[in-house]
Amino acid sequence: MNTHRIGVRETASIGIIFIIAKIFLPFQRSLAEIGGTAAWIIALIAAMLCPLTWWSIRGVLRHASGGSTLIEATEEIWGPWLGTIWNLVYFTFFFTITFLVLREFSELLASDILPRTPMNIIMIAMLIPIAVVAYAGLEAIGRFCWSAAGLIVASVVIVLMGGLMTHFEPDALLPFWGTGRSQVLSLGLVKSSLFSEMLVFGFLLPRLRKTSQWPKAAWWCMSVSAFTIFITTFVYLFVFPYPTAIRLNVPMFELSRLVIFGRWIQRLESVFLISWLICAVVKLAIGLYCSAATLSQMMKLPKVQPVIFPLALLVYACSILPGSEMEAVLWDGQYLRTYGSLVSIGIPMLTWLLGMIKSKLKGQQT
Amino acid sequence: MRRFLRAMLALPMVGLPLLSGCWDRLDPENMAFIMAVGVDPGPSSNFIYTFAVAMPKSSNAAAGGDSSGGSQEQIVDVFSQEASNLTAALMASQSYVARRLTLIHSKVFVLGESLARKGVMPVLGEVVRNDEFRRTVNVITTKGRADTFIHSIKPTMEKDINLWFELELDPHNIGAVTPHHSRFHDFIVDMERPGTGATTILSAARPDIERGKARIADEDSDKKASQPIEGDQYAGTLHRSGETPIDFFGSAVYRGERMVGFLTAYETIMMNMLRGEFEKTTLEFRDPSDEKLTLSIIMSAQKKPDMDIKRNKDEIEVSFKVRMEGDLIGSFSKLDYTLPQNQKKLETSVEEQLRDRTSKILDKTMHQWSTDCFHIGNHVRATFPTLQDWYAFKWRDHIKETKYRLDIRFQMRRHGDQVGPAVEGDKMNLK
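Conventions we followed
- Residues numbered from 1 in each chain as written.
- Chains lettered and ligands numbered in written order.
- Predicted model: local features only at pLDDT ≥ 70, side-chain atom pairs only at ≥ 80, totals over all residues.
- Heavy atoms only, no water.
- Salt bridge = Lys/Arg side-chain N within 4 Å of Asp/Glu carboxyl O.
- Buried < 20%, exposed > 50% of the residue type's maximum accessible area, 1.4 Å probe, protein only.
- Phe/Tyr/Trp six-rings, centres within 6.5 Å; stacked < 30°, edge-to-face > 60°.
- Helix = DSSP H or I, 4+ residues; strand = E, 2+ residues; numbered from the N terminus.
- Lys NZ or Arg CZ within 6 Å of the ring centre and 35° of its normal.
- Expected span 1.5 Å × (residues − 1).
- 1 Å grid on protein atoms, 1.4 Å probe; cavity = no way out; pocket = protein on both sides within 12 Å on 5 of 7 lines; lining within 4 Å.
- Points joined across faces, edges and corners; volume = space filled by probe spheres on them.
- Nonpolar A, V, L, I, M, F, W, Y, C, P; charged D, E, K, R; others polar.
- Contact = heavy atoms within 4.5 Å.
- Buried area = accessible area lost by both parts, 1.4 Å probe.
- Polar contact = N/O pair within 3.5 Å; in protein donor to acceptor, adjacent residues only side chain to side chain.
- pLDDT = per-residue confidence, 0-100.
- Pairing = 2+ DSSP bridges.
- Axes fitted to C-alpha atoms, helices over the stretch in contact; angles between N-to-C directions.
- Parallel < 35°, antiparallel > 145°, perpendicular 65-115°, else oblique.
- Left-handed = near helix turned anticlockwise from the far one by under 90°.
- Domains from an automatic or database assignment.
- Patch = residues over 30% accessible without salt bridge, like charges linked within 9 Å, V, L, I, M, F, W, Y side chains within 5 Å.
- Areas by Shrake-Rupley, 256 points an atom, 1.4 Å probe, with all protein chains shown as cover.
- Lys, Arg positive; Asp, Glu negative; His and termini not counted.
- Charge placed at Lys NZ, Arg CZ, Asp CG, Glu CD.
- Disulfide = S-S within 2.5 Å.

Let us now look at the pattern of salt bridges. Tallied over the full model, the rule gives 31 salt bridges over all chains. Arg193 of chain B is paired through a salt bridge with Asp190 of chain B; the nearest N and O atoms lie 3.0 Å apart. Each member of the pair, Arg193 of chain B as well as Asp190 of chain B, is classed as buried. Look at the salt bridges and you will find they share partners, linking Lys22, Glu197, Lys283, Asp332 and Arg337 of chain A into a network.

Here you go:
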């Protein structure tokens with residue numbers, strides 16, 4: 001089988017888009033709800049814990065056969081039974097991200113952009129390009145991400161600057177500890193789930209040509225993602241100070257709607273929406289690909305493609321499970337973004353630990 | 001054959017995303033763009049919503065061709081609807097408005113005076129949820145009823161209602177006599193914070209101007225009267241005749257969700273100055289050489305003012321450090337203010353008058369109305385470690401006892417196109 005290779009830039013871009021796409025959802029609002037004026041501290045702590053995922057994935061891959069993905073390595077280290085259970089957890093994680101984010105983006109479009117369009121048409125209209133992009137494979141996804149990442153990050157920065165110039169509240173980050181020091185610090189640890197999508201590196205790292213490229217790709221991804229997530233939260237609090245910050249449905253969208261300079265520069269949200277929707281489609285394509293890759297590797301299939309379209313149907317079916325927009329956001333905040341770090345940090349760390357023990361025992365025997 | 005079948009299968013897959021925009025297509029010819037929304041209290045715990053819809057140019061042309069007698073072309077269509085909320089009002093209005101009503105281009109949200117005094121949060125809370133309503137819409141509080149105000153929207157110089165609103169509501173354009181930030185976003189953000197006094201543009205309809213009954217008083221009967229300062233008036237009391245029968249002058253101040261009073265244009269400019277939002281404008285002052293006369297200075301801020309807070313438990317002292325500069329642009333005085341000793345006299349007098357005016361507005365808003373229009377609360381909040389401590393402090397209850405100190409300096413920079421005063425030839429004395 002011909003394994004397609006990707007470069008450092010493509011790898012980092014895939015990781016960046018997979019992680020930062022959540023800034024277009026109500027993530028800043030949920031941080032402001034729990035942290036108040038200290039929401040930025042939660043984002044900062046979560047960013048500082050992000051390297052744990054990278055180190056544990058690297059550790060797992062180093063203790064498995066060369067060229068193995070995270071899924072293959074997990075099964076190799078844990079054995080067929082326990083390994084499959086953990087891989088099922090990984091699959092559930094990627095699958096949940098995909099269908100929940102699809103639902104949330106569709107709700108965003110339905111409430112603000114296309115209010116008269118039926119929800120299922122919006123979801124199918126998004127799902128078709130997602131499935132096609134995922135079907136094209138990781139190399140195509142990587143190239144697409146590399147070309148789109150700059151545009152997306154640039155549009156975010158422009159919107160943030162425009163928002164700040166339109167409305168800026170001094171002292172918006174004070175009181176410093178927001179809802180309380182112990183709450184903010186503990187939630188910072190819990191919300192390390194914001195970077196759980198780093199788990200995609202379990203599929204990306206084996207595709208790099210050299211092992212020496214791994215740290216470069218990972219650190220670029222973590223730096224840009226952490227910066228983007230932090231800066232959007234930070235600026236959001238200045239433009240929409242507490243308690244207004246906890247009331248908005250889609251923070252970045254409202255920020256883009258607020259931008260107004262005189263008569264000529266206003267109503268820019270439709271321009272930014274294009275790049276943000278591209279980001280959403282790419283993120284969901286990566287999520288679908290990871291789910292399909294996990295499943296195909298668990299089932300020892302030679303190719304990922306046959307699983308893509310059936311999984312896409314399953315994603316559609318599951319995305320209509322939440323009864324409302326509020327329920328979808330609740331599932332995302334209460335489950336995915338609370339327990340996600342157990343999957344992205346906990347399981348790889350355990351696997352790495354077991355891999356180290358097994359290697360040492362093997363070394364002693366020989 | 002296989003390729004052909006694959007292509008046929010791909011067609012619906014490609015076609016469906018392209019059709020997803022069909023439901024929400026917006027045809028401008030089928031839309032009625034609401035430019036202004038006014039709200040007054042209704043008869044049964046509900047509201048009366050008045051809408052000003054931009055008149056489509058094609059309808060205007062058809063109407064203009066039939067009219068005779070040179071009547072003014074109608075650029076807005078105004079109607080009112082009684083309803084419990086804005087969405088219900090729009091739905092009911094749709095029964096008699098052929099085009100689809102939309103708020104996507106609305107410019108102004110007008111609150112009637114009686115509604116403003118009762119409390120506006122229910123109205124704002126409902127409107128802010130509407131996906132078509134933008135937070136960049138300007139909020140205006142009008143004296144009297146909002147429907148009267150909207151019926152008075154009859155621009156004389158503009159045919160484009162959108163342009164007229166944008167020019168009228170831009171503080172940069174209208175001499176900074178209104179709050180610098182009066183958008184819905186600023187209004188609701190201020191209202192949602194404890195103790196803060198939200199402000200809006202103050203306006204008033206002028207039925208006397210519309211009926212042609214407004215007349216500026218003739219030659220003064222009292223020759224000993226001081227020259228009045230125009231900025232010390234409210235919207236609705238400007239001595240004028242002609243032009244659009246609407247005044248935008250001054251601001252309305254809210255304590256929480258209820259309007260508590262008005263500020264004159266001058267007071268509004270002082271408020272903007274203390275907030276760090278001073279827009280270059282002309283200010284009138286009493287002439288130090290003759291108190292009956294006024295002089296005009298084009299004033300601008302040298303830099304943003306410094307606001308310093310000192311909190312000792314419940315005692316708060318705020319100090320403002322303001323640095324202004326200006327060009328002397330109008331003077332009746334025979335004194336030559338370009339000479340150093342006279343310039344110093346003018347600067348000292350202007351500083352005193354600015355201090356006096358800012359003291360008055362601080363006393364009026366903070367000590368009399370118990371409302372913080374200067375975002376002092378933002379700085380006080382910084383002295384607390386957590387939000388719980390800040391909210392427990394109850395800033396509103398401490399505003400009345402807050403002390404203030406003012407350090408205002410003014411420097412005259414230029415003197416216009418005349419160096420000394422114009423003097424009648426027979427009275428000139430060359431020594």
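Moving on, we come to the packing of aromatic side chains. Inspection of every chain in the model, using the stated rule, returns 34 aromatic pairs over all chains. With a centroid separation of 6.1 Å and an interplanar angle of 55°, the aromatic rings of Trp164 of chain B and Phe248 of chain B are classed as tilted. Here Trp164 of chain B is found in helix α7 (residues 161-168), whereas its partner Phe248 of chain B is found in strand β8 (residues 246-255), with 84 residues between them in sequence. Each member of the pair, Trp164 of chain B as well as Phe248 of chain B, is classed as buried. Members of the aromatic cluster, each reached through a chain of ring pairs, are Trp40, Phe168, Phe176, Trp177, Phe230, Phe234 and Phe238 of chain A. A cation sits over an aromatic face here: Arg311 of chain B above Phe384 of chain B, 4.0 Å from the ring centre.

What follows covers helix α11 (residues 340-368) of chain B. Its 29 residues give α11 of chain B an end-to-end C-alpha distance of 40 Å, which sits within 8% of 42 Å, the value for a rise of 1.5 Å per residue. In the stretch just after α11 of chain B, Ser370 of chain B is the one whose phi turns positive, near 55°.

Quick look at empty space enclosed by the protein now. All names here are of chain A. As enumerated under the stated definition, the model contains 2 cavities of 30 Å³ or more in all. Approximately 60 Å³ is the volume found for the largest cavity. Looking at the largest cavity, the residues that line it are Phe24, Leu25, Pro26, Glu104, Glu107, Leu108, Val250, Glu325 and Val329. Looking at the lining of the largest cavity element by element, the count peaks at 3 residues for helix α6 (residues 80-113). Within the lining of the largest cavity, the residues separate by chemical class into 6 nonpolar, no polar and 3 charged. Considering the residues around the second largest cavity, the lining is formed by Phe24, Phe105, Leu108, Val250, Phe253, Leu273, Trp276 and Leu277. Listing elements by their share of the lining of the second largest cavity, those giving two or more residues are α6 and α13 (269-298). For the lining of the second largest cavity, the element with the highest residue contribution is α13, accounting for 3 residues.

For the rest of this paragraph, the subject is the interface of chain B and chain A. How big an interface is tends to be reported as the loss of accessible area on association of its parts. Counting residues at the interface gives 36 residues for chain B and 46 residues for chain A. Buried area between chain B and chain A, both sides added, is near 3600 Å², and the carbon and sulfur share of it is 55%. Between chain B and chain A we count 3 salt bridges in total. For Glu269 of chain A, the salt bridge goes to Arg134 of chain B, with nearest N and O atoms at 2.8 Å. Applying the counting rule to chain B against chain A returns 19 residue pairs in polar contact (both at pLDDT 80 or more). Among the secondary structure elements, those contributing two or more residues to the side of chain B that touches chain A are α1 (2-19), α7, α8 (184-191), α12 (376-381) and α13 (387-393) of chain B. With 4 residues, the single largest contributor to the side of chain B that touches chain A is α13 of chain B. The residue makeup of the side of chain B that touches chain A, split by class, is 14 nonpolar, 9 polar and 13 charged.

This next bit is on the confidence of the model for chain B. Residues and elements named next belong to chain B. In this model, chain B carries an average pLDDT of 88, and 94% of its residues clear a pLDDT of 70 or more. Counting contacts from residues 64-71, a segment whose pLDDT is below 50, to residues more than four positions away or on other chains yields 0 contacts. Here the complex is predicted with pTM 0.88, and the ipTM for its interfaces comes to 0.86.

Attention now moves to the pairing of strand β1 (residues 31-41) of chain B. All names here are of chain B. The buried fraction of β1 is high, at 10 of 11 residues. Of the strand pairs in this sheet, β1 and strand β4 (residues 100-102) are connected by 3 bridges, and their pairing is parallel. Bridge pairing links Phe33 to Thr102 in β4. The antiparallel hairpin formed by β1 and strand β2 (residues 47-54) contains 5 residues in its connecting segment, where Ser45 sits at a positive phi of about 55°. Where β1 lies against strand β5 (residues 108-112), 4 bridges are found, and the strand directions are parallel. Looking at β5, one finds that Val39 is bridged to Leu111.

Let us look at the packing of helix α11 (residues 214-239) of chain A against helix α12 (residues 251-258) of chain A. Each packed pair of helices is defined by two parameters, the angle between the axes and the distance between the axes. All names here are of chain A. Here α11 crosses α12 at 55°, and the two axes come no closer than 11 Å. Considering the angle they form, α11 stands oblique to α12. Remark: the crossing between α11 and α12 carries left-handed chirality. Contact residues: Thr232, Tyr236 and Val239 in α11; Pro251, Met252, Leu255 and Leu258 in α12. Residue classes in the contact of α11 with α12 are distributed as 6 nonpolar, 1 polar and no charged.

Attention now moves to the domain arrangement of chain B. All names here are of chain B. Taken as a whole, chain B is organised into domain 1 (29-60 + 73-214 + 226-279) and domain 2 (280-418). On a C-alpha basis, the centroid separation for the pair domain 1 and domain 2 is 28 Å. Contacts between the two partners involve 36 residues from domain 1, matched on the other side by 42 residues from domain 2. Linking domain 1 with domain 2 are 2 salt bridges. With its nearest N and O atoms 2.9 Å apart, the salt bridge here joins Arg357 to Asp232. Between domain 1 and domain 2 we count 19 residue pairs in polar contact (both at pLDDT 80 or more) in total. Those elements giving two or more residues to the side of domain 1 that touches domain 2 turn out to be β8, β9 (258-263) and α10 (265-275).

Once that is clear, we can look at a negative patch on the surface. On the surface, a cluster of negative charge is contributed by Asp314, Glu315, Asp397 and Glu401 of chain B. By the secondary structure assignment, Asp397 of chain B is in the loop between α13 and β14 (403-414).

Our next topic: the state of the cysteines. The full count for this structure, using the stated rule, is 0 disulfides over all chains. A disulfide-free cysteine, Cys279 of chain A has its sulfur positioned 8.6 Å from the sulfur of Cys145 of chain A, the nearest such atom.

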